[in-house]
Amino acid sequence: MCFGGGGSEPEELESKRAIAEQAAIQLKNVGETFVPLENQFIADQYRRFDDSSYENAMGRAATVASGAYENRMRQLNPAMFARGIDPSSQAFIDSSEALTKAQGRGVGLIAADAGLTNTDAAFQGLSNVVRVGQGLQADIMEGNIDRLNTNMQLAEQMADRDFAKNAATANIFGSIGGAATAYGMNRRMG
Amino acid sequence: MCSGGSENPYERVFSQLNTGVQNEVRPMFDESYNPYENIPMNVPRGRGAGKRPADDLFAQLIRAQTRDYMTRFAPVERDLTGMITRTGTTSLPDDLMRTGDAITTAAENAAGQQRRRLERFGLTGNTDIGQDNTYISSLVGGFNDAIDRDRDRRSALIGGVGNVSSTSRARTKGMGGY
């Protein structure tokens, strides 16, 4: 059976041409608007592996952690003097030494944690680049401020625990907390 | 190339690549690179248009996307998978060194503070951190943490990259699509 033939092929629908042009325009816009941002994002992820990125993250974390311990240390000495504890006594030296070591440990571990977290973030960033390239949804990334807040909370918790664990200072810190609360209440009531 | 001088890590990494690889990944290191800047936006009409100009335009778009993927993203995939080792990732030695430095510096600073504090009262104490159990246990804990986290990172990368590779396999079997 023969249906003839030799006629010209049917023309493409005008709607198909319009869709192709729409796709081209959208892709061109992606190139102009989003590709530069993606390129910056890729560059930023590689920069996370740079020394300066680690130095910033670890330096900030160490400063925050030192602050958490030093605030408590500043309260400790006057409180011990006020209780008539001799600063040259072995009890004073031991207590102060134990807390200083705890400070060293706390600051060191929190700074080290900030470095490891930076490595995590760098790998997560590169994984996100891969996901973007595969057309998959990228993971939400924690920002530098979020990471610093986490370090700060960790430092406060560690310092609280270290000072509470130290038997010689536990009572004094209870007193300081009570005095501060009383002071606050007096101000409010006054 | 991206700006920033010789200290720019981007340029430093780039300069360490051999010439062939440099040519391959150059666009990835160029932040102004736009893979779609030369694509046509109109379906050709008239005599020279071809039989199926809309299909031809679609094909050009798909090729541009493939070129983009090969130029900007595939090198990162190769780079990332190259960082996975049998036990963790290539970042472990640097992580261990940074961990050790951070803990040692903090312990030395704390020992210095304690020495100065005692000296104010005319006292001396033992501030040698080398014999200090707190310092040693911090180091061990820090190193263990670095190793554990590196192992976790490896698992996460393999899981993530594995998902990506299964997506690619699905695409080549016609089960997915751009």
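For clarity, every value in this text was computed on a predicted model and none was experimentally measured.

Participant: Teacher, can you tell me more about the confidence of the model for chain A here?
Facilitator: Detailed conclusions should not be drawn from predicted coordinates in areas where pLDDT is low. Residues and elements named next belong to chain A. Summing up the model confidence of chain A, the mean pLDDT is 77 and the portion of residues at 70 or higher is 73%. Here helix α5 (residues 167-189) stands out as the least confident element of chain A, with mean pLDDT 45; helix α1 (residues 14-47) is the most confident, with 89. Counting contacts from residues 172-190, a segment whose pLDDT is below 50, to residues more than four positions away or on other chains yields nine contacts.

Participant: Could you clarify how one ought to interpret the packing of helix α2 (residues 51-82) of chain A against helix α3 (residues 90-133) of chain A in this entry?
Facilitator: The description of two helices packed together rests on the angle between their axes and the distance between the axes. All names here are of chain A. One can describe the packing of α2 onto α3 by two numbers: an axis separation of 8 Å at closest approach and a directional angle of 160°. Taken together, the axes of α2 and α3 lie roughly antiparallel to each other. Here the hand of the crossing between α2 and α3 comes out right-handed. Residues S53, Y54, A57, M58, A61, A62, A65, S66, Y69, M73 and M80 of α2 touch α3, and the partners they reach there are F92, L99, Q103, G106, V107, I110, A111, A114, G115 and N118. A breakdown of the residues in the contact of α2 with α3 according to their chemical character gives 15 nonpolar, six polar and no charged.

Participant: Where do I start with the nonpolar core in this structure?
Facilitator: General note: in soluble globular proteins, nonpolar side chains tend to be found buried as a group. If you look at the biggest cluster of nonpolar residues, it comprises 28 residues, and the most contacted ones within it are A:M58, A:A61, A:A62, A:A65, A:I110, A:A111 and B:A106. When residues of this core are assigned to their parent elements, the largest contribution, nine residues, is made by α2(A). In terms of nonpolar packing, the next biggest core, distinct from the first, is built from eleven residues, A:L126, A:V130, B:F73 and B:V76 among them.

Participant: Can you help me understand the interface of chain A and chain B in this one?
Facilitator: Quoted interface sizes are often the accessible area lost when the parts come together. The partner chain B presents 66 residues to the 56 residues of chain A that form the contact. When residues of the side of chain A that touches chain B are traced back to their parent elements, those giving at least two are α1, α2 and α3 of chain A. The element that contributes the greatest number of residues to the side of chain A that touches chain B is α3(A), accounting for 24 residues. Grouping the constituent residues of the side of chain A that touches chain B by class yields 27 nonpolar, 15 polar and 14 charged.

Participant: Can you walk me through the confidence of the model for chain B in this structure?
Facilitator: Residues and elements named next belong to chain B. Residue-level pLDDT values for chain B average 79, and 71% of them are 70 or greater. Taken element by element, the predicted model of chain B shows its lowest mean pLDDT in helix α1 (residues 9-15) (60) and its highest in helix α4 (residues 92-120) (91). Below a pLDDT of 50 lies the segment residues 1-7, which in the model reaches twelve contacts outside its immediate sequence neighbourhood of four places, other chains included. Interface predicted TM-score (ipTM) for the complex: 0.75; the corresponding pTM is 0.74.

Participant: Got a minute to help me understand the environment of B:S138 in this structure?
Facilitator: Take B:S138: it is sitting in helix α5 (residues 133-172). Given 27 C-beta atoms within 10 Å, B:S138 falls into the buried group. Residues B:S138 and B:A107, spaced 31 residues apart in sequence, show a C-alpha to C-alpha distance of 9.3 Å. The residues contacting B:S138, other than those within four sequence positions of it, are A:R105, A:G108, A:L109, B:I103 and B:A107.

Participant: Even after reading the chapter, I still don't get the packing of α3(A) against helix α3 (residues 53-82) of chain B, so can you show me in this structure?
Facilitator: Taken N-terminus to C-terminus, the directions of α3(A) and α3(B) make an angle of 140°; their axes are 9 Å apart at the nearest point. Taken as axis vectors, α3(A) and α3(B) run oblique relative to one another. Once α3(A) is placed against α3(B), the crossing between them reads as left-handed. In contact with A:L126, A:S127, A:V129, A:V130 and A:G133 of α3(A), α3(B) contributes B:Y69, B:R72, B:F73, B:V76, B:E77 and B:L80. Split into classes, the residues belonging to the contact of α3(A) with α3(B) amount to seven nonpolar, two polar and two charged.

About the thresholds
- Residues numbered from 1 in each chain as written.
- Chains lettered and ligands numbered in written order.
- Predicted model: local features only at pLDDT ≥ 70, side-chain atom pairs only at ≥ 80, totals over all residues.
- pLDDT = per-residue confidence, 0-100.
- Helix = DSSP H or I, 4+ residues; strand = E, 2+ residues; numbered from the N terminus.
- Contact = placed C-beta atoms within 7 Å.
- Axes fitted to C-alpha atoms, helices over the stretch in contact; angles between N-to-C directions.
- Parallel < 35°, antiparallel > 145°, perpendicular 65-115°, else oblique.
- Left-handed = near helix turned anticlockwise from the far one by under 90°.
- Nonpolar A, V, L, I, M, F, W, Y, C, P; charged D, E, K, R; others polar.
- Core = buried A, V, L, I, M, F, W, Y, C linked by C-beta atoms within 7 Å.
- Buried ≥ 20, exposed ≤ 12 C-beta atoms within 10 Å, placed from the backbone.

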